Amino acid sequence: MEARILGPLSISDGHRTIPVNSGRQRALLAALLAKPNQPLSVEHLIEVLWGRYPPDNARVALRTYVMRLRQALGDELGGRIVTRPQGYQIRAEVHEVDLLMFQRHAMSARSAVREGDWGAAAGELQRALGLWSGEPFTEVPSASLRERELPHLEQLYQRTLELHYEAQLALGHHDDIVLELERAVESHPFRERFWAQLMTALYRSRRKGDALAAFQRIRRELIKELGSEPGLELQQLHLAILKNDETLVAPQVSEEPEVRQQAIESPAMVPRQLPAAPCHFTGRVDGLRVLNRALSQTQREDRTAASIVVIGGIGGIGKTALAVHWAHQVADLFPDGQLFLNLRGFETSDNPIEPETALRSLLNALGVPESRFPAQLEAQAALFRSVLADKRVLLILDNVRDTEQVIPLIPASSGCLTVISSRNQLTGLLVSTGAQSIRLGPLRMDETAKLIEDFVGDERVKAEPEAISTMVAMSECIPLAASILASMTLSQPSLRLADFVEMFEETLSALDRLETGDTATSMRSLLHGSYRHLTDDGRRLLRFFGLHHGNQVTTAAAATLAGMSLANTHKALTHLARNHLVENVRPGQYSMHDLVRSFAAEVVNQEELEADRRLASNRVLDYYLHNIHRAVGLLMPTRRLTPLPTLQRGVLTAHFQTVAEAGAWFEDNRSSIIAALLKAQDDGFPNHMWRIVEGLAPFLEWLGHWHDWYRVAKNTVDVTCALGDPYAEGIARLEFGSAGDLLDPTGEDAEPELVRALALFEEIGDISGQARTHHRLSVYSGRRHRKHECRHHAERAFDLHTKDDNPGGQAEARNALGWYFASFGDYDTAVSACREALTLNRESGNLAGEADVWDSLAYAYQSSGDLDAAEECYRQVIPMDEQLPRLRHRYNKAETLSRYGDLRQELGDTVGALQLWRKAQELLEELNHPLRDAVHQKIHSMLGQ
């Protein structure tokens with residue numbers, strides 16, 4: 001076993017690191033490793049996992065987490081977790097846990113100090129401190145554990161660090177530790193021992209003034225913040241420095257002074273730090289153009305400002321590859337050097353390089369001796385700018401976390417060019433410096449195919465082009481993902497690409513498919529690095545996106561899903577967009593890559609309870625359902641939908657002021673509603689399916705999305721049959737049959753569905769359902785020229801709507817009778833039925849229904865040859881259509897304009913006919929409606945004549 005808690009939590013069986021993905025399992029493991037070989041009480045572990053407000057079943061849940069942790073660790077390591085009367089403990093040898101090793105090295109160092117062996121002590125202390133790789137418990141979701149253990153570990157570390165500096169001073173290495181001590185006092189400004197050691201190191205480095213200034217700094221801070229003078233040790237040291245006390249003299253250093261002087265004065269090499277150029281690079285033409293434009297600016301004689309380019313995008317999108325590929329092409333144009341520094345801003349170790357450390361590295365690369373490094377960050381940055389003044393240097397700062405990390409590292413020389421890559425948009429940097437920005441998205445499909453082909457070779461590509469296409473789709477055109485899939489095929493060149501594709505497809509998780517076992521190239525690790533650096537609200541929202549179905553989400557839907565306020569959701573979405581985890585495709589509308597959604601799905605299952613996940617899924621389905629009903633109520637007030645259940649807490653409802661707002665809401669949410677509906681059964685909410693389909697149907701019918709209507713209705717039929725609810729099944733079959741009728745106007749498949757729906761509504765005595773189904777059957781019969789059946793169903797629909805006190809439904813039934821009887825040539829019946837429908841609509845104030853009837857009358861008169869009467873009807877309906885809701889009546893208006901064009905053609909007005917058809921075609925194109933092709937054919941035929 002090899003376990004580490006002095007930094008990122010990890011545990012290995014000696015061959016591989018064992019992933020512990022569950023947040024509470026990580027917390028449990030960390031608590032046990034913080035006290036190895038010590039039993040921890042059940043109460044203590046419950047507090048670690050749930051804080052002060054554990055669930056009622058906490059003891060049972062703890063046993064479950066212990067069991068799952070043992071399973072995750074495997075038989076050998078899992079067996080190390082043993083049950084004790086008091087609770088649980090983990091058995092470990094000293095060499096197996098970094099904390100135990102740290103304590104052993106520190107104890108040995110203290111023993112060496114007591115024996116006066118500072119050399120041995122220094123070695124032990126360096127080995128102890130080398131075990132620390134960052135702040136413990138940062139990725140462990142337990143505030144209780146951090147509150148209990150971190151203070152003790154920090155004190156342990158600081159005491160050991162103090163002893164390390166003491167050993168270095170005793171060995172005469174004062175010059176080497178000045179910078180380290182400067183950082184120590186910055187991090188711990190009231191730890192007087194660090195200040196005493198800094199003053200001693202400065203004095204021994206012949207910097208008496210700086211040593212005295214350090215005393216004044218700490219004295220001012222103590223008086224200002226704590227209202228007290230420095231302690232006795234510091235005051236006595238201050239006095240000794242003033243007197244040049246001989247006891248402060250450093251011990252002799254073994255290294256020869258002239259050798260050190262030669263090292264300082266030896267000429268520095270020109271830095272050539274660029275990593276190897278990527279072997280396979282394709283696309284990114286726009287990004288290369290921006291970089292070349294920035295390069296040309298550095299070559300202008302009148303240029304006074306430094307050139308900066310920021311390359312942004314999600315992890316794995318190819319930011320570093322673009323920067324390094326381009327840098328190798330132009331390296332010769334920067335004769336004073338090319339610097340490259342990975343600032344580790346988003347690595348999972350959560351150990352980004354501080355600006356001071358970065359500046360020290362850059363200054364070292366430029367040949368500046370450490371003895372010249374100032375103590376303060378501002379002074380270091382100024383020295384860096386001074387060194388680069390009048391030089392031509394290319395600087396690539398990779399994996400930048402935020403603006404604050406990178407600002408001090410930017411040269412001011414107009415001959416220098418700084419290229420920055422980050423998963424953060426670095427908005428502050430763009431604003432403050434005027435930097436140029438490159439936002440990298442996925443490659444084009446052909447570029448992704450080229451990238452994969454470069455890996456696998458021409459012969460395999462030519463043999464299996466379909467496999468390449470599948471790999472492109474699996475990669476989502478993200479360069480790292482494509483490279484991982486392609487490189488996996490190189491391990492067994494004898495296998496066909498199709499064999500690999502089959503293996504990839506059998507791996508259900510997209511992230512498992514792209515797992516390399518290397519944190520630098522694993523998509524999961526890259527995304528986890530971004531996730532850990534988000535705000536709390538950003539992480540919560542991203543997690544809950546794992547429960548969202550569909551490619552896009554609105555701000556209100558996201559807020560409902562995550563149970564957050566609109567204001568906080570807007571801030572979180574902006575934060576996620578700045579970190580390239582979502583994309584703001586238009587105001588209030590966001591999308592994300594499928595790989596990000598896969599990651600979110602993993603995290604939400606690991607970090608959220610099942611009950612909370614279910615509530616979130618329920619909330620978002622309720623959001624869509626209730627707002628669909630509100631929109632239908634505004635757009636089609638005569639349409640009667642099934643009453644809704646009570647709205648649960650946390651669901652945001654839209655307050656549509658106008659019909660246009662309701663229509664816009666539907667268009668923004670349509671794809672997400674359909675996706676959520678199709679997954680509602682899997683999510684455990686089958687009753688939402690038929691309710692949503694019922695409200696969704698009018699929109700899908702008006703907008704011509706008949707295939708979507710058919711698909712969701714068919715799925716809903718399958719689900720409602722299993723529910724055993726005849727009303728729900730009746731609704732589903734009614735919509736399925738209606739959609740099928742539109743898609744296949746001559747086929748017979750829709751009729752059994754409508755007949756079955758009617759039987760179900762009759763069985764339970766639902767009048768409204770019977771009326772609506774009879775209406776659909778009258779339309780079905782009319783489209784197939786079944787005159788008797790059409791009249792029967794239209795009359796039944798009218799009678800049932802009358803019984804149900806629904807004048808809108810009565811008018812609709814009469815209008816359908818009028819329309820289809822006009823198509824049968826029975827014009828008297830058609831006109832009579834339409835006139836009755838017109839009266840009903842006028843009496844109920846239904847302007848939309850009135851417009852529909854005028855259109856039917858125009859069709860009836862036009863079909864009968866009474867063109868003047870038809871013309872008068874068209875003049876009535878067209879102004880009405882202009883007043884009516886755009887969403888619903890774009891199609892109605894287009895249909896009317898198309899037939900009016902036919903009338904104008906009959907009257908010999910070809911110009912007028914063309915104008916009307918073109919208007920109709922424009923509306924149908926907006927809707928992407930299937931009928932646009934028929935109108936286009938009319939225009940083509942006339943122009944062809």
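Residues numbered from 1 in each chain as written. Predicted model: local features only at pLDDT ≥ 70, side-chain atom pairs only at ≥ 80, totals over all residues. Heavy atoms only, no water.

Naming follows an unreviewed UniProt entry, where the chain appears as DNA-binding transcriptional activator of the SARP family of Nonomuraea solani. Quoted straight from UniProt, the Sequence similarities (unreviewed entry) entry for the chain says "Belongs to the AfsR/DnrI/RedD regulatory family." (UniProt positions renumbered as here; feature names shortened; annotations may be inferred.)

Chemist: What is the right way to read the UniProt feature "domain: OmpR/PhoB-type" (unreviewed entry) in the chain from this model?
Modeler: Taken from the UniProt record, the annotation "domain: OmpR/PhoB-type" (unreviewed entry) applies to residues 1-92. Secondary structure content for residues 1-92 is 46% helix and 16% strand, and the end C-alpha separation is 8 Å. (Helix = DSSP H or I, 4+ residues; strand = E, 2+ residues; numbered from the N terminus.)

Chemist: Can you help me understand the packing of aromatic side chains in this one?
Modeler: Each aromatic ring pair is specified by the distance between its two centres and by the angle formed by the two planes. On inspection of all chains with the given rule, the structure shows 16 aromatic pairs. Considering the side-chain rings of Phe 500 and Phe 504, the 6.4 Å spacing of their centres and the 40 degrees angle between planes classify their relative orientation as tilted. Of this pair, Phe 500 and Phe 504 are both found in helix α22 (residues 497-506), 4 residues apart, which corresponds to roughly one turn of the helix. Aromatic side chains Tyr 874 and Tyr 900 sit 4.8 Å apart centroid to centroid with 20 degrees between the ring planes, which places their arrangement in the stacked category. On the criterion of sequence distance, the pair formed by Tyr 874 in helix α40 (residues 867-883) and Tyr 900 in helix α41 (residues 886-906) is long-range, its members being 26 residues apart. Both residues of the pair, Tyr 874 and Tyr 900, count as buried. It is Arg 191 that lies over the ring of Phe 194; its NZ or CZ is 5.8 Å from the centre. (Phe/Tyr/Trp six-rings, centres within 6.5 Å; stacked < 30°, edge-to-face > 60°. Buried < 20%, exposed > 50% of the residue type's maximum accessible area, 1.4 Å probe, protein only. Lys NZ or Arg CZ within 6 Å of the ring centre and 35° of its normal.)

Chemist: Teacher, can you tell me more about unusual backbone geometry here?
Modeler: Trans is the prevailing form of peptide bonds, just as negative phi is the prevailing case for residues other than glycine. The phi dihedral of Phe 137 is positive, around 70 degrees, even though this residue is not glycine. Position of Phe 137 relative to the elements: it lies in the loop between α5 (118-129) and α6 (143-170). Judged by its relative accessible area of 2%, Phe 137 is buried. We note that Glu 476 has phi near 55 degrees; this positive angle belongs to a residue other than glycine.

Chemist: Can you walk me through the domain arrangement of the chain in this structure?
Modeler: How large an interface is tends to be reported as the accessible area lost when its parts come together. Taken domain by domain, the chain holds domain 1 (1-173), domain 2 (188-248), domain 3 (285-439), domain 4 (445-514), domain 5 (534-608) and domain 6 (890-944). Just the C-alpha atoms count here: the centres of domain 4 and domain 6 sit 47 Å apart. (Domains from an automatic or database assignment.)

Chemist: In this structure, what is going on with empty space enclosed by the protein? I would like to understand it.
Modeler: Where empty space is left becomes clear once a probe the size of a water molecule has been rolled over the atoms. In total, this model carries 2 cavities of 30 Å³ or more according to the counting rule given. Forming the walls of the largest cavity are Phe 545, His 548, Gly 550, Asn 551, Gln 552, Val 553, Val 582, Tyr 590, Ser 591, Met 592 and Arg 597. Within this model, the second largest cavity holds a volume of roughly 40 Å³. Together, Leu 547, His 548, His 549, Ser 617, Val 620, Leu 621, Ala 676 and Asp 683 line the second largest cavity. Here the lining of the second largest cavity takes 3 residues from helix α29 (residues 610-635), the largest share from any one element. Residues belonging to the lining of the second largest cavity are distributed by class as follows: 4 nonpolar, 3 polar and 1 charged. (1 Å grid on protein atoms, 1.4 Å probe; cavity = no way out; pocket = protein on both sides within 12 Å on 5 of 7 lines; lining within 4 Å. Points joined across faces, edges and corners; volume = space filled by probe spheres on them. Nonpolar A, V, L, I, M, F, W, Y, C, P; charged D, E, K, R; others polar.)

Chemist: Help me understand the sheet that holds strand β9 (residues 417-422), please; the structure alone is not making it clear to me.
Modeler: Strand pairing in a sheet takes place through backbone hydrogen bonds and is either antiparallel or parallel in direction. Sheet architecture is open: 5 strands sit in the order β7-β8-β9-β6-β10, paired in parallel fashion. Edge positions in the open sheet fall to β7 (338-342) and β10 (436-439), since each of these has one partner strand only. On average, adjacent strands in this sheet sit at an angle of 15 degrees to one another, irrespective of strand direction. The sheet contact formed by strand β8 (residues 394-400) and β9 spans 5 bridges and is parallel. For Val 400, the partnering residue across the bridge sits in β9 and is Ser 422. Its contacts with the sheet put helix α14 (residues 355-365) on β7 and β8, and the angle it makes with β7 is roughly 155 degrees. (Pairing = 2+ DSSP bridges. Axes fitted to C-alpha atoms, helices over the stretch in contact; angles between N-to-C directions. Contact = heavy atoms within 4.5 Å.)

Chemist: Explain the nonpolar core here, please?
Modeler: Side chains of nonpolar character tend, in soluble globular proteins, to be buried together. Trp 326, Val 419, Leu 541, Leu 542, Phe 545 and Leu 857 are the most contacted members of the largest nonpolar core, which totals 168 residues. The element contributing the most residues to this core is α29, with 10 residues. Counting residues in hydrophobic clusters, the runner-up holds 76 residues, among them Ala 31, Leu 145, Ala 211 and Leu 234. (Core = buried A, V, L, I, M, F, W, Y, C linked by side-chain atoms within 4.5 Å.)

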